[in-house]
Amino acid sequence: MPAFKIVAAGAATALAAALLTASATPASARPTALAAAPDIPVANVKAHLSQLQSIATANGGNRAHGRAGYRASIDYVKAKLDAAGYTTALQQFTSGGATGWNLVADWPGGDANHVIMAGAHLDSVTAGPGINDNGSGSAAVLETALAVARENLQPTKHLRFGWWGAEELGMVGSRAYVNGLASTDRAKIDGYLNFDMIGSPNPGYFVYDDNAALEKVFKDWYAAKGIATEIETEGDGRSDHAPFKSAGIPVGGLFSGADYTKTSAQAQKWGGTAGQAFDRCYHSSCDTTSNINDTALDNNSDAIANAIWTLGTATAPPPGTVFENTADVSVPDNGAAVTSSITVSGISGNAPAALAVGVDIRHTWRGDLVVDLVAPDGSSYRLKNSSGSDSADNVITTYTVNASGEVANGTWRLRVQDVASQDTGYINSWKLTF
Ligand code: DTR
Ligand code: CA
Ligand code: ZN
Ligand code: ZN
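Below you will find a few notes about this structure. (Residues numbered from 1 in each chain as written. Chains lettered and ligands numbered in written order. Predicted model: local features only at pLDDT ≥ 70, side-chain atom pairs only at ≥ 80, totals over all residues. Heavy atoms only, no water.)

A look at the pattern of salt bridges
This is how it is decided: Just to be clear on terms, a salt bridge is a Lys or Arg side-chain nitrogen sitting within 4 Å of an Asp or Glu carboxyl oxygen. The helix count covers DSSP runs of H or I at least four residues long, the strand count covers runs of E at least two residues long, and both are numbered beginning at the N terminus. Residue exposure (1.4 Å probe, protein chains only): buried if accessible area is under 20% of the type maximum, exposed if over 50%, otherwise partly exposed.
For the structure shown, the criterion picks out 15 salt bridges. In this structure, the salt-bridge partner of Arg415 is Asp372, at a minimum N-O distance of 3.6 Å. Taken together, the residues span a long stretch of sequence, with Arg415 in strand β18 (residues 410-418) and Asp372 in strand β15 (residues 369-374) at a distance of 43 residues. Accessibility expressed as a relative area gives 28% for Arg415, which makes it partly exposed. Residues participating in the shared-partner salt-bridge network are Asp372, Arg382 and Arg415.

Structure (structure tokens):
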């Protein structure tokens, strides 16, 4: 397994150094969080669910768009956030001839140009109280926001939370929110995390795979707890992350399953009942406070808090940051070119006019080799031409490339080709210094 790492050159703090053991494809380099997230008391999350249940019971048995139960749900969540010091705003929209509302809550502080957002739809179907779908996501996001306030977290990035209306009518509220954002404001959202059904009674642990870096935050957290996860494949676009993704905003999230059936293999790793739906009360009147698996709700709530703390307090790598790939790649003798890639992230703007490209290729008769740097947009920079007379071994040197025309973030590649027979070798490592 190749080890990819980001090390800060110069006087940068140790904070910016984070060793990432990447999966098959290098995840973006990302420094560690400033502070660890607190445990989210599942009892607090369940207390919100009890309130939402009472609201539904007092309002015709549901919390659906256009019904009194939805507005009462919004008022409950807003009151908690106002009391905790959030800046809240209600966004009104109309769907199906009925008025709906989104609730957006900003935690004061953090870099307004880099927003981390988490959200959940607060509406239910008309058939029932919608406690798992989606009181669970709404309550977990609410309790995470309240934990931010309790800890008086001072994140490096700006934290925003959203509760969406009319998701059950087709992500109407979240789409209204995204479409109402100026493009400059959309560009400031570094990531949107969606939580829709995270306490299913026969739970699975599914992670959205729309963005590798966001997916990794959740997968690493669950791996550290010894809980297996699967990629959420029930259908992209089936919840409020879809409008954000369509707008080009990186999205991630968690899901514990709906009306699909848990397989025996899944029951082996997660427990529960094979051959039964993850949530037998999906979109039904029995989606009440009895329709919740406390362990799944607790785990997912804690995973949400970890993601907010990790993503919200991460610091961008300082200038002079090195991105390195130490995986060996063999170079076929007199054959096709091979590449080794490095995914760069957290560097704003373009690459420098003097981008240092450190190369370490072990190869007898190095004159056989042609070496290029390929930028994320595919443009290529020749580092070394072949030379029939250069019989020395190995190419261990640093090239300086004027890459100021290239956006820094993205996947860079070192391309190496052996263009003469006999003499073989491999890429030992290479690195980019920004
Ligand atoms: N459409 C959601 C439930 C749902 C079904 N598949 C997924 C996948 C990911 C998130 C949510 C869902 C609803 O009924 O609210
Ligand atoms: Ca917990
Ligand atoms: Zn639903
Ligand atoms: Zn839902």
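What about the site of ligand 1?
What counts here: Residues are counted as near a molecule or strand when any one of their heavy atoms sits within 4 Å of it. Pairs of N or O atoms within 3.5 Å make up the polar contacts considered here, provided that, within protein, one atom can donate a hydrogen while the other can accept it, and that residues adjacent in sequence are counted only when both atoms are side-chain atoms. Computed with a 1.4 Å probe, the accessible areas rest on the Shrake-Rupley method; for each residue, only the protein chains presented here act as cover. Lys, Arg, Asp and Glu make up the charged group, whereas Ala, Val, Leu, Ile, Met, Phe, Trp, Tyr, Cys and Pro make up the nonpolar group; the residues left over, Gly among them, are polar.
What surrounds ligand 1 is a group of 14 residues, the closest being Glu167, Asp196, Arg238, Tyr282 and His283. Contact distances for ligand 1 include 3.1 Å between an oxygen atom and a side-chain N or O atom of Asp133. One of the side-chain nitrogen or oxygen atoms of Tyr282 is found 2.7 Å away from an oxygen atom of ligand 1. In isolation ligand 1 has 370 Å² of accessible area, and contact with the protein removes 97% of it. Looking at the shell around ligand 1 residue by residue, the classes come out as 4 nonpolar, 3 polar and 7 charged.

Some thoughts on the sheet that holds strand β9 (residues 230-231)
The following threshold applies: The pairing criterion for strands is at least two bridges between them, as found by DSSP. Should any heavy atoms of two residues lie within 4.5 Å, those residues are considered in contact. A fitted line through C-alpha atoms represents every axis, and for helices the fit uses only the stretch in contact; the resulting angles, taken between N-to-C directions, go from 0 to 180 degrees.
If you walk across this open sheet you meet the 8 strands as β3-β4-β6-β5-β7-β10-β8-β9, and the pairing is mixed. Edge positions in the sheet fall to β3 (87-95) and β9, since each of these pairs with one other strand and no more. By the bridge criterion, 9 bridges tie β3 to strand β4 (residues 98-107) in an arrangement that is antiparallel. Across the sheet, the residue bridging to Phe93 is Gly100, located in β4. Each of β7 (189-195), β8 (206-207), β9 and β10 (251-255) touches helix α6 (residues 212-224); the most contacted strand, β10, lies at about 35° to it.

Section: the coordination of the zinc ion (ligand 3)
Expected angles at a metal are 109.5 degrees for tetrahedral coordination by four donors and either 90 or 180 degrees for octahedral coordination by six donors. Which entries qualify depends on this criterion: Note on donors: an N, O or S atom is included if it sits within 2.8 Å of the metal, or within 3.2 Å for Na, K and Ca, and water is never included, so sites can look incomplete. Only four donors with every angle between 85 and 135 degrees are called tetrahedral; only four or six donors with opposite donors over 155 degrees apart and all others between 65 and 115 are called square planar or octahedral, in that order; all others are irregular.
Here the zinc ion (ligand 3) is held by the protein donor atoms Asp133 (OD), Glu168 (OE), Glu168 (OE) and His283 (NE2), which lie 1.9 to 2.5 Å from it. Geometry at the zinc ion (ligand 3) is irregular, judged from the 6 donor atoms that bind it and their angles of 53 to 149° at the metal. All donors of the zinc ion (ligand 3) come from a single chain, and their spacing in sequence reads D-x34-E-x114-H. Taken as a pair, the zinc ion (ligand 3) and the zinc ion (ligand 4) show a spacing of 3.5 Å, with Asp133 coordinating each metal. Of this pair, Asp133 sits in helix α3 (residues 131-150) while His283 is found in the loop between α8 (264-270) and α9 (294-313), placing the two residues 150 residues apart along the sequence. Taking the relative accessible area as the measure of exposure, Asp133 reaches 3% and is therefore buried. Of the residues examined, His283 reaches a relative accessible area of 30% and is grouped as partly exposed.

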